[in-house]
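The chain contents come next:
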Amino acid sequence: MRDVKIGDRSVAQLGFGAMRLTGAAPFGDAPDRDTAIAVCRAAVEAGCQLVDTADAYALGLNEELVAEALSPYADEVLVATKAGQARPGDDWVPLGRPEYLKQQAHLSLMRLRLEVIDLFQLHRVDPKVPLADQAGALRELIEEGVVRAVGLSQVSVETIEAFREIVPIASVQNRYSISARNDEDVVDHCEREGIAFLPWRPLEISSRVVNAVQPVADRLDATPTQVALAWALQRSPVMLPIPGTASLEHLAENLAARDLVLDAEAVAALS
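Residues numbered from 1 in each chain as written. Predicted model: local features only at pLDDT ≥ 70, side-chain atom pairs only at ≥ 80, totals over all residues. Heavy atoms only, no water.

A. Geometry of the sheet that holds strand β11 (residues 196-197). Strand order in the open sheet made by the seven strands is β3-β4-β5-β8-β9-β10-β11, with parallel pairing throughout. Looking at which strands have only one partner, the edges of the open sheet turn out to be β3 (16-17) and β11. Alignment of strand β9 (residues 150-153) against strand β10 (residues 171-173), held across three bridges, turns out to be parallel. Residue pairing for β10: Ser-153 is matched across the bridge by Gln-173. Its contacts with the sheet put helix α4 (residues 131-143) on β8 (119-122) and β9, and the angle it makes with β8 is roughly 170°. (Pairing = 2+ DSSP bridges. Helix = DSSP H or I, 4+ residues; strand = E, 2+ residues; numbered from the N terminus. Contact = heavy atoms within 4.5 Å. Axes fitted to C-alpha atoms, helices over the stretch in contact; angles between N-to-C directions.)

Have a look at this one:
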């Protein structure tokens, strides 16, 4: 395990995604509140220093739950949240108007009980709003002291560099796993530029790769998801997976992947 730098902060390489604590399709209903709080606290107590949430998760209730579980926050805890995407029905809709992003940042600040948001991520780039306007709003939030660092989600290398012309980018959060490797170029770019890469859905194992993962798991006395997570952790020094769970048992399984080292034979099989 190594630390990953996010802006002027460094955190342990394995973080915690809080989305499932308030329920999220297709992962099932939310746990009871006491269980959700216990899981969130257990993740931090076990060394997950970055906790990832978003304003759109349960209409802000997820941020409130994180605050209830962890506030007042330990010095080593970095809270990351997101704005710029809403879910009025079954579909996610990008919302990148500058005034909306600023409004949501202040609402997140209140719900999370923070004086400044450690990492504020643009949940999706809004194709209907000029990129410069979205980047400018993020820069102004830094200048106003509302947020400490800015991240992007589901972006290309070209988009990252377009934003960096206007505002410093500390992190990128794209879908990436042992099964979903379309963004290899983004991972490599982030590594070269010292940008943290936070893969979402990092435990995904598709039917296409399960036949490669299972033998490795059997040989190393691990579960397939532990192998998938260990693979991500070894993929790059800027990789910071944020697996989410609402189960203490599943959390313990994920945390154990920190001690799983994939040898050359395993890496070759999984490549």
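Don't stop here, the text continues.
B. Spatial organisation of the packing of aromatic side chains. As enumerated under the stated definition, the model contains two aromatic pairs in all. Ring geometry for Tyr-176 versus Phe-197: centroids 5.7 Å apart, planes at 85°, classification edge-to-face. Of this pair, Tyr-176 sits in the loop between β10 and α6 (184-193) while Phe-197 sits in strand β11, and the two are 21 residues apart along the sequence. Here Tyr-176 and Phe-197 have matching classes, each one buried. Consider the rings of Tyr-176 and Trp-231, whose centres lie 5.9 Å apart with planes at 25°: the pair is stacked. In this pair, Tyr-176 sits in the loop between β10 and α6 while Trp-231 sits in helix α8 (residues 224-235), placing the two residues 55 residues apart along the sequence. You'll find Tyr-176 and Trp-231 in the same group, each marked buried. (Phe/Tyr/Trp six-rings, centres within 6.5 Å; stacked < 30°, edge-to-face > 60°. Buried < 20%, exposed > 50% of the residue type's maximum accessible area, 1.4 Å probe, protein only.)

C. Focus on the pattern of salt bridges. Taken as a whole and judged by the stated rule, the model has 15 salt bridges. When the shortest N-O distance is used, the salt bridge between Glu-143 and Arg-139 registers 3.7 Å. Placement of both Glu-143 and Arg-139 in helix α4 is noted, with a separation of four residues, approximately one turn of the helix. Notably, a salt bridge pairs Arg-219 with Asp-263, separated by 2.9 Å at the nearest N-O pair. Residue Arg-219 is located in helix α7 (residues 210-219), and its partner Asp-263 is located in the loop between α9 (248-256) and α10 (264-270); the two are separated by 44 residues in the primary sequence. (Salt bridge = Lys/Arg side-chain N within 4 Å of Asp/Glu carboxyl O.)

D. Summary view of the pairing of strand β2 (residues 9-12). Examined bridge by bridge, strand β1 (residues 3-6) and β2 share four bridges and lie antiparallel to one another. From the neighbouring strand, Asp-3 faces β2, where its bridge partner is Ala-12. Where β1 folds back on β2, the antiparallel hairpin that results is connected by two residues, among which Gly-7 adopts a positive phi of roughly 65°.

E. A look at the environment of Val-209. As for its placement among the helices and strands, Val-209 is situated in the loop between β11 and α7. Spatially, the C-alpha atom of Val-209 lies 7.9 Å from that of Ile-178, the residues being 31 residues apart in sequence. Val-209 has contacts with Ile-178 and Ser-179, leaving out every residue within four places of it along the chain.

F. Local environment of unusual backbone geometry. The omega torsion across Ser-71 and Pro-72 is -5°, close enough to zero to call that bond cis. Looking at the secondary structure, you find Pro-72 in the loop between α2 (61-70) and β5 (78-83). At Ala-58, a residue that is not glycine, the phi angle is positive and equals roughly 55°. With phi around 55°, Leu-59 is a residue other than glycine that occupies positive phi space. As for its placement among the helices and strands, Leu-59 is situated in the loop between β4 (50-52) and α2.

Just distances and angles here, no functional claims.
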